Amino acid sequence: MLLVYDGVCGFCVRSARWIAARLPAEARVAPWQSLDLDEYGLTQPDVEAAVWWVDDRGSLPRRSRGAEAVGWSLIAAGGAWSIAGRLIIHPPLRWLARPAYALVAANRHRLPGPRSREP
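Now for a look at the structure at hand. (Residues numbered from 1 in each chain as written. Predicted model: local features only at pLDDT ≥ 70, side-chain atom pairs only at ≥ 80, totals over all residues. Heavy atoms only, no water.)

### Some words on the packing of helix 3 (residues 66-77) against helix 5 (residues 93-106)
Right, so step 1: Taken N-terminus to C-terminus, the directions of helix 3 and helix 5 make an angle of 110°; their axes are 7 Å apart at the nearest point. Classified by the angle their axes make, helix 3 and helix 5 are roughly perpendicular. Here helix 3 contributes G66, A67, E68 and V70 to the contact with helix 5, which in turn contributes R94, A97, R98 and Y101.
Right, so step 2: Broken down by class, the residue content of the contact of helix 3 with helix 5 amounts to 4 nonpolar, 1 polar and 3 charged. (Axes fitted to C-alpha atoms, helices over the stretch in contact; angles between N-to-C directions. Helix = DSSP H or I, 4+ residues; strand = E, 2+ residues; numbered from the N terminus. Parallel < 35°, antiparallel > 145°, perpendicular 65-115°, else oblique. Contact = heavy atoms within 4.5 Å. Nonpolar A, V, L, I, M, F, W, Y, C, P; charged D, E, K, R; others polar.)

Printed below as a string of structure tokens:
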């Protein structure tokens, strides 16, 4: 299990640190800038546009982007967070979560978070 985020975006870094503290030990959280994206079937435009969740526990890797990636990471966190995650990935809340994620992603540079430097 891997959550891929933008390590230059302050809001993204803050959010990644928050979920990393709640995920099980076998899950990883990493900025896309530190990864070999080909290894995960991702491209730079993919990861510049959205957060990604890559789960290779099944027979085929599951890759989810945006709101669904947030949902799957919350499910992996367990407890009450998994309830929120399940709500996010299934209709009808998914229909609201996708545009909400797009709005946040488009304005992430305006949201609070630590100042980040280019890696």
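Anyway, onward from the coordinates.
### Quick look at the sheet that holds strand 4 (residues 62-65)
Right, so step 1: Ordered by their spatial adjacency, 4 strands build an open sheet running 2-1-3-4, and the pairing between neighbours is mixed. In this open sheet, the two strands that pair with only one neighbour each are strand 2 (28-31) and strand 4. Within the sheet, the average angular offset between the axes of one strand and its neighbour, ignoring direction, is 20°.
Right, so step 2: Sheet topology note: the strand 3 (residues 52-55)/strand 4 ladder contains 4 bridges and is antiparallel. (Pairing = 2+ DSSP bridges.)

### Some details on a nonpolar patch on the surface
Right, so step 1: Together, I83, L87, L93 and L96 make up a nonpolar patch on the protein surface, roughly 390 Å² of accessible area in all.
Right, so step 2: For the nonpolar patch, the elements supplying multiple residues, two or more each, are helix 4 (79-89) and helix 5.
Right, so step 3: Look at I83 and you get exposed, because its relative accessible area is 54%. (Patch = residues over 30% accessible without salt bridge, like charges linked within 9 Å, V, L, I, M, F, W, Y side chains within 5 Å. Areas by Shrake-Rupley, 256 points an atom, 1.4 Å probe, with all protein chains shown as cover. Salt bridge = Lys/Arg side-chain N within 4 Å of Asp/Glu carboxyl O. Buried < 20%, exposed > 50% of the residue type's maximum accessible area, 1.4 Å probe, protein only.)

### Some words on the state of the cysteines
Right, so step 1: This model, assessed by the stated rule, comprises 1 disulfide.
Right, so step 2: With its sulfur 2.5 Å from that of its partner, C9 forms a disulfide with C12. Around the S-S axis, the bridge from C9 to C12 shows a dihedral of about 75° and counts as right-handed.
Right, so step 3: Here C9 falls in the buried class, since its relative accessible area comes to 9%. (Disulfide = S-S within 2.5 Å.)

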